[in-house]
Amino acid sequence: MHGPSRLTPEILLRAYAEGLFPMAERRGDPTLYWVSPEKRGIIPLDSFHVPHRLARTVRSGAFTVAADTAFRDVMVACAAPAPGREESWINDEILRLYTALHAGGHAHSVECWKEGELVGGLYGVRLGAAFFGESMFSRQRDASKVALVHLVEGLKRGGFVLLDSQFLTAHLARFGAVEIPREQYLMRLAYALNREAIWPFF
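Residue positions are counted from 1 within each chain, in the order its sequence is given. Owing to the predicted nature of the model, reporting of local features is limited to residues with pLDDT of at least 70; listing and counting of side-chain atom pairs is limited to 80 or more, with chain, interface and lining totals taken over all residues. To obtain the side-chain values, all non-hydrogen atoms of the structure were used and water was disregarded.

### Things to note about the overall build of the protein
Thought 1: A helix here means a DSSP run of H or I that spans at least four residues, while a strand means a run of E at least two residues long, and both kinds are numbered starting from the N terminus. Tallying secondary structure elements over the protein gives seven helices and nine strands in all.
Thought 2: It is over C-alpha atoms that the radius of gyration is taken, and the globule rule equals 2.2 Å times the number of residues to the power 0.38. Rg of the C-alpha trace for the protein: 16 Å, near the compact-globule value of 17 Å for 202 residues, within the 12% margin.
Thought 3: In terms of overall dimensions, the protein has C-alpha extents of about 45 × 35 × 30 Å along its principal axes.
Thought 4: Of the roughly 9,800 Å² of accessible surface on the protein, 53% is carried by carbon and sulfur atoms.
Thought 5: Counting rule applied: Lys, Arg positive; Asp, Glu negative; His and chain ends not counted. A charged residue contributes its charge at one atom only: NZ of Lys, CZ of Arg, CG of Asp or CD of Glu. A gap of 5 Å separates the mean positions of the 23 positive and 22 negative side-chain charges of the protein. Reported accessibility uses the Shrake-Rupley method at a 1.4 Å probe radius. Residues are deemed covered only where the shown protein chains occlude them.

Shown next as structure tokens:
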């Protein structure tokens, strides 16, 4: 994939429908490349696990949770350097493309606010009854986790059947995320693309 003018939001959506997604090597690299992991990370919605302490935090209302009120700000925060994550695969081209997807109703964010400040959140892409989680960030303890809990609850209510996490991490495994072979993922994706789901859910 060469040259930012060659990739459009429409092409990006078609790529997602085929199991592909783009990344950059690092924040300052303008080049994007397609990724289709042999082992795909997903979070099964029917077996999503919320640790007890986190459940208490969610119930406490420590954060005000909203959707699609600060999409670009969430992306910028996800791309910003953070302890243990000094580099990012989110470059300016990714920011441009996904902001355009959001404007077209195909990309969404879930945000956690505290005293009027954006302290955590996540964003992703929606197609049919599939949601493709892209990235999350947290400036206060548990903020991104609370956003994830609200995302899953909303996806369930909206009739979604696939939550794609792209890769499996130890962090996501705590919530029940698993790896499945590419072939199995593509079957699940095809099923999800042929179903309808509703957003927003806040």
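Having seen the model, we can carry on.
### Quick notes on the packing of helix α1 (residues 9-17) against helix α4 (residues 92-103)
Thought 1: One way to put it is that α1 packs onto α4 with a least axis distance of 9 Å and a crossing angle of 85 degrees. Between α1 and α4, the crossing angle belongs to the class labelled roughly perpendicular. Between α1 and α4, the contacting residues are Pro 9, Leu 12, Leu 13 and Tyr 16 on the first element and Leu 97, Tyr 98, Ala 100 and Leu 101 on the second.
Thought 2: Side-chain classes are defined by residue name, with Ala, Val, Leu, Ile, Met, Phe, Trp, Tyr, Cys and Pro counting as nonpolar, Asp, Glu, Lys and Arg as charged, and the others, Gly among them, as polar. Here the contact of α1 with α4 is composed, by residue class, of eight nonpolar, no polar and no charged. Lines fitted to the C-alpha atoms define the axes, with helices restricted to the stretch that makes contact. Angles between their N-to-C directions range from 0 to 180 degrees. Just so you know how the angles are binned, under 35 degrees is roughly parallel, over 145 roughly antiparallel, 65 to 115 roughly perpendicular, and the rest oblique. We call two residues in contact whenever any of their non-hydrogen atoms come within 4.5 Å of each other.

### Topic: the pairing of strand β6 (residues 117-127)
Thought 1: Each residue is placed in one exposure class: buried if its accessible area under a 1.4 Å probe, protein chains only, is under 20% of its type's maximum, exposed if it is over 50%, and partly exposed if it falls in between. The buried fraction of β6 amounts to ten of the eleven residues, a majority that puts the element mostly inside the structure.
Thought 2: Should DSSP find at least two bridges between two strands, the strands are taken to pair. Sheet topology note: the strand β5 (residues 107-114)/β6 ladder contains eight bridges and is antiparallel. What sits directly across from Trp 113, in β6, is Leu 118.
Thought 3: Connecting the antiparallel pair β5 and β6 is a turn made up of two residues, with Glu 115 showing a positive phi of about 55 degrees.
Thought 4: Relative to strand β7 (residues 130-138), β6 runs antiparallel, the two sharing eight bridges. Looking at the pairing, Gly 124 lines up with Gly 133 of β7.
Thought 5: Hairpin connection of β6 to β7: two residues between the antiparallel strands, including Gly 128 at a positive phi of 55 degrees.

### Looking at the nonpolar core
Thought 1: Definition used in this section: a nonpolar core is a set of buried Ala, Val, Leu, Ile, Met, Phe, Trp, Tyr and Cys residues joined via side-chain atoms within 4.5 Å. Tyr 16, Met 75, Ile 90, Ile 94, Tyr 98, Tyr 123 and Phe 132 are the most contacted members of the largest nonpolar core, which has 36 residues in total.
Thought 2: Among the secondary structure elements, those contributing two or more residues to this core are α1, β1 (21-24), β2 (32-35), α3 (71-79), α4, β6, β7 and α7 (182-193).
Thought 3: For Tyr 98, the contacting residues outside a window of four places in its chain are Leu 12, Tyr 16, Pro 22, Phe 71, Met 75, Ala 107, Tyr 123, Val 125 and Glu 134.
Thought 4: Ranked by size, the runner-up nonpolar core spans 30 residues in total, among them Phe 63, Phe 175, Ala 177 and Ala 197.

### Description of helix α2 (residues 52-60)
Thought 1: All buried positions along α2 are accounted for by Leu 54, Ala 55, Thr 57 and Val 58. On an axial view of α2, the arc spanned by its buried residues comes to 160 degrees, and they lie on one face. Opposite the buried face of α2, by more than 90 degrees, sit the exposed residues His 52 and Arg 59.
Thought 2: On its buried side, α2 packs onto α5 (143-158). The directions from the helix axis to the C-beta atoms are what the arc is built from.

### Observations regarding the pairing of β5
Thought 1: Most of β5 is tucked away: six of the eight residues are buried.
Thought 2: Across four bridges, the pairing between strand β4 (residues 64-67) and β5 is antiparallel. The residue of β5 that forms the bridge with Ala 67 is Val 110.

### A few points about the side chain of Asp 29
Thought 1: For Asp 29, the position within the fold is in the loop between β1 and β2.
Thought 2: Distance and chemistry together define a polar contact, namely a pair of N or O atoms within 3.5 Å, with one atom able to donate a hydrogen and the other to accept it when in protein, and with adjacent residues in sequence counting only for side-chain atoms on both sides. Of note is the side chain of Asp 29, whose polar atom sits 2.9 Å from the backbone nitrogen of Thr 31.

### Here we look at the pattern of salt bridges
Any two side chains of opposite charge can pair if their charged atoms end up close together.
Thought 1: Put simply, a salt bridge is a Lys or Arg side-chain nitrogen that is within 4 Å of an Asp or Glu carboxyl oxygen. Under the criterion given, the structure shown has four salt bridges.
Thought 2: With its nearest N and O atoms 2.7 Å apart, the salt bridge here joins Arg 96 to Glu 93. Taken together, the residues span about one helical turn, with Arg 96 and Glu 93 both in helix α4 at a distance of three residues.
Thought 3: The exposure class assigned to Arg 96 is partly exposed, which follows from its relative accessible area of 38%.

### Some words on the environment of Leu 101
Thought 1: With respect to the helices and strands, Leu 101 occurs in helix α4.
Thought 2: Residues Leu 101 and Leu 45, spaced 56 residues apart in sequence, show a C-alpha to C-alpha distance of 24 Å.
Thought 3: Once residues within four sequence positions are removed from consideration, Leu 101 is found in contact with Pro 9, Leu 12, Leu 13, His 106, Ala 107 and Val 125.

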